[in-house]
Amino acid sequence: MVVDDKLEVYRIMQRSRLFEQKLDVLFKAGVFYGTTHLGIGQEASHTGLVAGLDRRDWIVPTHRCHGFNIARGTSLEKMFSELFGSRYGICKGLGGSMHMTETATCNAGSSAIVASGVPIAAGLAFALKRQKKDCIAVAIFGDGATSRGAIHETMNLASVWNLPLLFYLENNHYGMSASADVMLSGGNLARRAEGYGIGWRKVDGNDVVAVKEAVEEARAGILRDSRPFLIEVDTYRMCGHSKSDGLVYRSREEEELWSRKDPIRSYAARLILEGACDEETLKRIHDEESAKVDEALIAAEVTKDDAISLRELDGYLFAKRGDFLHETGTTHKGSYRDAIREALDEILGSDSRAVMMGEDIGLYGGCFGVSGDLCRRHPGQILETPVSEEGFTGLAVGASMLGEHPIVEIMYADFSTLASDPLINHAAKTYFMSAGQLSCPLVYRAPIGSGTGHGSQHTGCIESMFLNTPGLIVVAPSDPYTAKALLKSAAKANNPVLFFEHKGLYLDNGDIGDEDTFLPLGKAFVHGNGEDLLIIGYSHAFQTARRATRDIADRITYIDLGTISPIDEETIIEHVNRIGKVLVVEDTPIGGSVADTVVALISTRAHGALDHAPRIVAARKLPTPFSKILEQSVIPTEDEIRSQVDELLIL
């Protein structure tokens with residue numbers, strides 16, 4: 001919605017105020033479930049921003065999002081329905097007050113985590129630039145967010161990559177209850193942009209005309225100069241942070257001072273002074289908007305208890321996935337590293353929207369040499385990033401929302417703790433929270449495992465930390481053939497796929513499929529047909545188990561999980577029922593791990609088929625030590641696995 005008429009601006013500001021005043025009453029009365037964050041007093045900031053944008057520009061609001069939705073033209077009835085948890089809400093009741101997504105109005109969804117949406121907005125800007133769209137993205141955040149590292153990582157990245165991004169800082173002087181005066185150093189927040197070579201401007205956030213003009217000027221400059229820009233709007237929320245906020249942290253004198261700067265009252269006075277309308281017209285607009293709010297609420301109340309079913313809910317976990325099962329039988333020899341590089345080469349060569357980003361993946365060839373010479377073969381598709389894992393991973397997530405197909409490379413999987421917010425809180429949940437409006441076709445690659453002498457912070461098998469995050473597909477291949485075929489499928493999955501490569505496998509040689517070979521995600525791979533023992537594993541530990549039992553392989557059936565979340569339950573149960581003895585191996589410590597998951601599955605679904613309790617051989621519950629001898633001792637050895645195998649076979 002383009003807001004350019006003076007009275008329409010006033011109408012939208014009133015609509016926002018009246019809607020939120022109604023919410024305040026209803027939440028405090030217990031009519032609505034959960035909580036809400038109101039922007040009463042900040043209407044000029046919301047309306048002025050949208051009035052200065054083009055309808056094709058994308059926005060990423062914060063948890064205080066209602067005003068932005070309303071200014072963009074979102075239906076009040078759908079917003080009320082969303083707050084009731086109804087299927088008729090803008091996100092079918094899956095988002096609520098803090099997660100309101102509406103792609104029809106180029107709103108990529110509000111983020112309830114402070115500063116978390118800023119890298120996402122950078123990703124939208126990145127996609128718009130690659131797609132040569134004549135529009136921008138807007139990262140909306142508050143003064144409290146300026147202390148988050150994600151803001152600074154994103155400012156640096158946006159500046160380095162010349163992104164069409166507007167940083168929109170709503171300074172309402174409080175991060176929840178913490179006053180900016182005592183929490184933020186330097187005094188002038190907007191000037192922080194100077195450190196990143198980004199232009200900035202401060203404006204009275206309670207003057208809707210000033211905000212609109214500042215945004216229009218900034219937008220034009222962003223598109224003209226291909227540079228990001230920052231606007232700080234000085235405003236004030238007249239209400240509490242959330243419904244339970246008693247405002248004990250600020251004085252009534254301060255509130256009175258700001259009430260004299262009420263943006264709606266000030267704009268009304270301006271309209272009358274300019275002769276644009278009279279008081280009677282303004283009262284009529286107020287009454288009309290009040291009636292609209294009441295009518296929308298009444299309409300939403302009719303269907304307030306009509307929530308989607310659990311079956312429908314399951315359908316919003318993953319976007320629709322194709323089955324990429326195609327094996328031609330044509331293979332050649334190569335290493336695990338070669339296989340992954342070949343897959344990347346073919347993905348980048350066949351998909352113009354595929355782009356790979358990460359640290360040192362250009363001329364250096366990648367930390368473990370995986371990217372090799374891909375920067376020469378695919379110029380413009382290999383993008384080296386600053387050291388800012390949260391920033392560029394969040395950017396990749398945002399870019400994927402607009403149809404780009406980013407592949408993120410992280411130097412060491414241990415650094416995934418830094419990238420976990422965009423992966424867990426955005427990539428995994430966007431399709432769900434938006435009720436299918438947005439998906440995240442993203443591949444995240446990271447090397448796991450020990451064997452390199454890099455010590456505790458560079459050798460972790462941290463894949464288990466993502467197992468309990470619905471919405472993520474987690475893959476950990478064990479050989480060159482599955483590595484290439486699964487990575488090719490991951491790039492077509494239309495969902496976020498975390499692809500963990502074990503450093504100890506990079507030099508392993510084996511068959512590699514041709515460019516037409518794909519394997520399905522979520523399907524385990526069965527090797528052998530032995531009747532005496534079932535060994536289940538993945539990645540490096542699976543190969544350790546194969547080596548430990550090669551002389552008795554005819555007695556064993558091996559299941560290479562390949563995809564460790566979601567795991568292939570049916571294949572596991574089928575072979576447990578047939579064999580009755582199970583050994584699970586992994587290079588991670590037991591405790592919320594893949595082995596725990598597998599044993600729990602077997603114990604609940606195939607307990608009667610077991611001859612003996614399933615056994616696990618796993619890593620010791622220790623960080624990886626530097627000492628080579630100790631490093632080799634903390635993960636399962638061939639001898640340890642063989643000892644357990646021999647015991648099971650004689651039982």
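Right above here is the structure, for reference.
The following refers to the structure shown. (Residues numbered from 1 in each chain as written. Predicted model: local features only at pLDDT ≥ 70, side-chain atom pairs only at ≥ 80, totals over all residues. Heavy atoms only, no water.)

Here's the deal with the overall build of the protein chain
Assigned secondary structure in the protein chain consists of 23 helices and 21 strands. Here the protein chain has a C-alpha radius of gyration of 28 Å; the compact-globule value for 651 residues is 26 Å, and the two agree. Referenced to the eigenvectors of the C-alpha coordinate spread, the extents of the protein chain come out at roughly 95 × 55 × 45 Å. For the protein chain, buried positions account for 59% of its 651 residues. Counted over contacts in the protein chain with a minimum sequence separation of 6, partners at least 24 positions apart contribute 79%. (Helix = DSSP H or I, 4+ residues; strand = E, 2+ residues; numbered from the N terminus. Rg over C-alpha atoms; globule rule 2.2 N^0.38 Å. Buried < 20%, exposed > 50% of the residue type's maximum accessible area, 1.4 Å probe, protein only. Contact = heavy atoms within 4.5 Å.)

Comments concerning helix H6 (residues 149-160)
With 12 residues, H6 extends 17 Å between its outermost C-alpha atoms, agreeing within 8% with the 16 Å of an ideal straight helix rising 1.5 Å per residue. Looking at the residues trailing H6, positive phi occurs at Asn162, about 50°. (Expected span 1.5 Å × (residues − 1).)

Some words on the environment of Thr103
Tracing the chain through its elements places Thr103 in the loop between helix H4 (76-84) and helix H5 (117-130). Here Thr103 falls in the partly exposed class, since its relative accessible area comes to 25%. Put simply, Thr103 and Val138 are 35 residues apart on the chain and 14 Å apart in space, counted from C-alpha to C-alpha. Once residues within four sequence positions are removed from consideration, Thr103 is found in contact with Trp58, Gln437 and Leu438.

What about the packing of helix H13 (residues 336-350) against helix H18 (residues 480-490)?
Two quantities define a packed helix pair, namely the angle between the helix axes and the distance between the axes. For the pair H13 and H18, interaxial distance at closest approach is 8 Å and the crossing angle is 20°. Judged on the interaxial angle alone, H18 and H13 are roughly parallel. Handedness of the crossing formed by H13 with H18: right-handed. Contacts from Tyr336, Ala339, Ile340, Glu342, Ala343, Leu344, Glu346 and Ile347 of H13 reach H18 at Pro480, Ala483, Lys484, Leu487 and Lys488. Of the residues that constitute the contact of H13 with H18, the class distribution is 9 nonpolar, no polar and 4 charged. (Axes fitted to C-alpha atoms, helices over the stretch in contact; angles between N-to-C directions. Parallel < 35°, antiparallel > 145°, perpendicular 65-115°, else oblique. Left-handed = near helix turned anticlockwise from the far one by under 90°. Nonpolar A, V, L, I, M, F, W, Y, C, P; charged D, E, K, R; others polar.)

Overview of the pattern of salt bridges
Inspection of the entire model under this criterion finds 46 salt bridges. The salt bridge partner of Glu289 is Lys292, with a shortest N-O separation of 3.2 Å. One end of the pair, Glu289, and the other, Lys292, are both in helix H11 (residues 279-302), 3 residues apart, so they sit about a helical turn from each other. What makes Lys292 partly exposed here is its relative accessible area of 36%. Linking Glu531 and Arg578 is a salt bridge whose minimum nitrogen-to-oxygen distance equals 3.1 Å. Separated by 47 residues along the polypeptide, Glu531 in the loop between strand S16 (525-527) and strand S17 (533-537) and Arg578 in helix H20 (residues 569-579) bring together distant segments of the chain. (Salt bridge = Lys/Arg side-chain N within 4 Å of Asp/Glu carboxyl O.)

Brief notes about the environment of Arg130
With respect to the element layout, Arg130 can be found in helix H5. Not counting chain neighbours up to four residues away, the residues in contact with Arg130 comprise Ser352, Arg353, Ala354, Val355, Gly380 and Glu404.

Let's talk about the environment of Ile602
With respect to the helices and strands, the residue Ile602 is situated in helix H21 (residues 594-605). Along the primary structure Ile602 and Val582 are separated by 20 residues, whereas in three dimensions their C-alpha atoms are 9.2 Å apart. Filtering out sequence-adjacent residues up to four positions away, Ile602 remains in contact with Ile536, Ile572, Ile573, Val576, Val582, His607, Leu610 and Pro614.

Regarding H11
An ideal rise of 1.5 Å per residue puts 34 Å on 24 residues; H11 measures up with 35 Å between its terminal C-alpha atoms. Of all the positions in H11, only Thr281, Leu282, Ile285, Glu289, Val293, Ala296, Leu297 and Ala300 are classed as buried. The inward-facing, buried residues of H11 contact helix H1 (6-28), H4 and helix H10 (263-273).

Remarks on the sheet that holds strand S13 (residues 473-475)
Taking strand neighbours across the sheet as the criterion, the 7 strands line up as S10-S9-S11-S12-S14-S13-S19 in an open arrangement whose pairing is mixed. The open sheet has two edge strands with one neighbour each: strand S10 (382-384) and strand S19 (563-565). Averaged over all pairs of adjacent strands, the angle between their axes in this sheet comes to 25°, without regard to strand direction. In terms of strand pairing, strand S11 (residues 405-409) meets strand S12 (residues 443-448) through 3 bridges, oriented parallel. Among the inter-strand pairings, Ile407 is bridged to a residue of S12, identified as Val443. Set on the sheet, helix H15 (residues 389-401) makes contact with strand S9 (354-358), S11 and S12; between it and S11 the angle comes to about 165°. (Pairing = 2+ DSSP bridges.)

Notes on the nonpolar core
Grouped together as the largest cluster of nonpolar side chains are 126 residues, with contacts concentrated most on Leu165, Phe167, Phe500 and Ile536. The biggest single contributor to this core is H5, with 9 residues. (Core = buried A, V, L, I, M, F, W, Y, C linked by side-chain atoms within 4.5 Å.)

Notes on the sheet that holds strand S7 (residues 229-234)
Spatially, 5 strands are ordered S1-S2-S3-S7-S6 in an open sheet, and the strand pairing comes out parallel. On the outer flanks of this sheet lie strand S1 (58-60) and strand S6 (199-204), each paired with one strand and no other. For this sheet, the mean inter-axis angle between neighbouring strands, taken without regard to orientation, is 20°. Sheet analysis places S6 next to S7, joined by 6 bridges and oriented parallel. Pairing of Arg201 across the sheet is with Ile231, part of S7. Across the sheet, H5 touches S1, strand S2 (137-142) and strand S3 (165-171), and the angle it forms with S2 is around 170°. Contacting S3, S6 and S7, helix H8 (residues 208-225) runs over the sheet at an angle of about 165° to S6.

What to know about the packing of H1 against H4
Put simply, H1 and H4 touch, their axes get as near as 12 Å, and they point 20° apart. With respect to their mutual orientation, H1 and H4 come out roughly parallel. Note that H1 runs across H4; the crossing there is right-handed. Facing Arg15, Phe19, Lys22, Leu23, Leu26 and Phe27 of H1, the residues of H4 in contact are Leu76, Met79, Phe80 and Leu83. Across the contact of H1 with H4, the residue classes break down as 8 nonpolar, no polar and 2 charged.

As for the packing of aromatic side chains
According to the stated counting rule, one finds 15 aromatic pairs in the structure shown. Ring-pair connections join several aromatic residues into one group, and the members of that group are Phe19, Phe27, Phe32, Phe80 and Phe84. In this structure, Lys261 packs its charged tip against the face of Trp258, placed 4.4 Å from the ring centre. (Phe/Tyr/Trp six-rings, centres within 6.5 Å; stacked < 30°, edge-to-face > 60°. Lys NZ or Arg CZ within 6 Å of the ring centre and 35° of its normal.)

Here's the deal with the pairing of S3
Among the 7 residues of S3, 7 are classified as buried, and the element is accordingly described as predominantly covered. Burial of S3 is two-sided: the residues Leu165, Phe167, Leu169 and Asn171 facing one way and the residues Leu166, Tyr168 and Glu170 facing the other way are all buried. Relative to S3, S2 is paired through 6 bridges, and the arrangement is parallel. The partner of Val138 across the bridge, within S3, is Leu166. Following the backbone out of S2, through H6 and into the adjacent parallel S3, one traces a crossover that is right-handed. Alignment of S3 against S7, held across 6 bridges, turns out to be parallel. The partner of Asn171 across the bridge, within S7, is Asp234. (Right-handed = clockwise from strand over helix to strand, strands pointing away.)

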